[in-house]
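So you can see what is in the structure, the chains are spelled out below.
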Amino acid sequence: MIKGTEDIRHQDTICINESELKHKWYHNIKYLIVGVLFGIVFVKAEIISWFRIQEMFRLQSFHMYGVIGSAVLTGMISVWVIKKFNIKTVYGEPIKIAPKTFNKGQIYGGLIFGFGWAITGACPGPLFAQIGTGALAVIVTLTSAILGTWVYGYFREKLPH
């Protein structure tokens, strides 16, 4: 057993909860590399382009709809494969996908998110890639996203869920 972890037994196998693992700092370099490569793909595919995002919201181009649609399709296939073949994590833990219930707050949240995306030309995912390309005005959007997250966290217990 790895120090500092709780083992979970599933059908005579030891499963490690990765969130309990204690890693050295350099263990996260692989995530940094993947993040940088992902950012490069975003830039080269023009996914972070304010103009591409405006084209999408004005219904002038299929580019962003194609990217989003292919991501949704990939996610659907991935979830289906995980459920169909009972895929486990690299540590042997079963992957459990909890059922989601519909809430009208999802509509309101989606509308607020969409309006913010249309106005700023940025969604939270590629903010850092946009800043990395020199679009320093996006720091205002990043600061606003962080502040909005903090406000939600502060009022979360008082909000209907």
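Since this is a predicted model, take the numbers as computed values, not measurements.

Q: Could you clarify how one ought to interpret the pattern of salt bridges in this entry?
A: Any two side chains of opposite charge can pair, on the condition that their charged atoms come close. Summed over the entire model, instances satisfying the criterion amount to three salt bridges. Glu 46 is the salt-bridge partner of Arg 52, the closest N and O atoms lying 2.7 Å from each other. Of the residues examined, Arg 52 reaches a relative accessible area of 22% and is grouped as partly exposed. A salt bridge links Glu 157 to Arg 156; its shortest N-O distance comes to 4.0 Å. Judged by relative accessible area, Arg 156 falls into the partly exposed class, the value being 39%. It is possible to trace a salt-bridge network through shared partners that takes in Glu 46, Arg 52 and Glu 55.

Q: What's the story with the UniProt feature "transmembrane region" (unreviewed entry) in the chain in this structure? I'm lost.
A: The feature "transmembrane region" (unreviewed entry), as annotated in UniProt, sits at residues 31-51, 63-82, 107-129 and 135-155 in this numbering. As annotated, residues 31-51 has a helix share of 76% and a strand share of 0%, and its two end C-alpha atoms lie 29 Å apart. Structurally, residues 107-129 is divided into 74% helix and 0% strand, and its ends, taken at the C-alpha atoms, are 28 Å apart.

Q: Honestly, the layout of surface pockets in this entry has me stumped. Any pointers?
A: Take a probe with the size of a water molecule and roll it over the atoms, and the empty space left behind shows itself. Quantified by volume, the largest pocket comes out at close to 760 Å³. Lining of the largest pocket is provided by 24 residues; of these, Tyr 108, Gly 109, Ile 112, Phe 113 and Tyr 152 occupy positions nearest its centre. Among the elements that make up the lining of the largest pocket, the one with the highest residue count is helix 4 (residues 104-120) (ten residues). When grouped by side-chain class, the residues that make up the lining of the largest pocket number twelve nonpolar, eleven polar and one charged. Taken as a whole, the second largest pocket holds about 190 Å³ of empty space. The wall of the second largest pocket is formed by Phe 42, Ile 47, Ile 53, Met 64, Val 67, Ile 68, Ala 71, Trp 117, Cys 123 and Pro 126. For the lining of the second largest pocket, the element with the highest residue contribution is helix 3 (residues 63-84), accounting for four residues. By residue class, the composition of the lining of the second largest pocket is ten nonpolar, no polar and no charged.

Conventions and cut-offs
Residues numbered from 1 in each chain as written. Predicted model: local features only at pLDDT ≥ 70, side-chain atom pairs only at ≥ 80, totals over all residues. Heavy atoms only, no water. Salt bridge = Lys/Arg side-chain N within 4 Å of Asp/Glu carboxyl O. Buried < 20%, exposed > 50% of the residue type's maximum accessible area, 1.4 Å probe, protein only. UniProt positions renumbered as here; feature names shortened; annotations may be inferred. Helix = DSSP H or I, 4+ residues; strand = E, 2+ residues; numbered from the N terminus. 1 Å grid on protein atoms, 1.4 Å probe; cavity = no way out; pocket = protein on both sides within 12 Å on 5 of 7 lines; lining within 4 Å. Points joined across faces, edges and corners; volume = space filled by probe spheres on them. Nonpolar A, V, L, I, M, F, W, Y, C, P; charged D, E, K, R; others polar.

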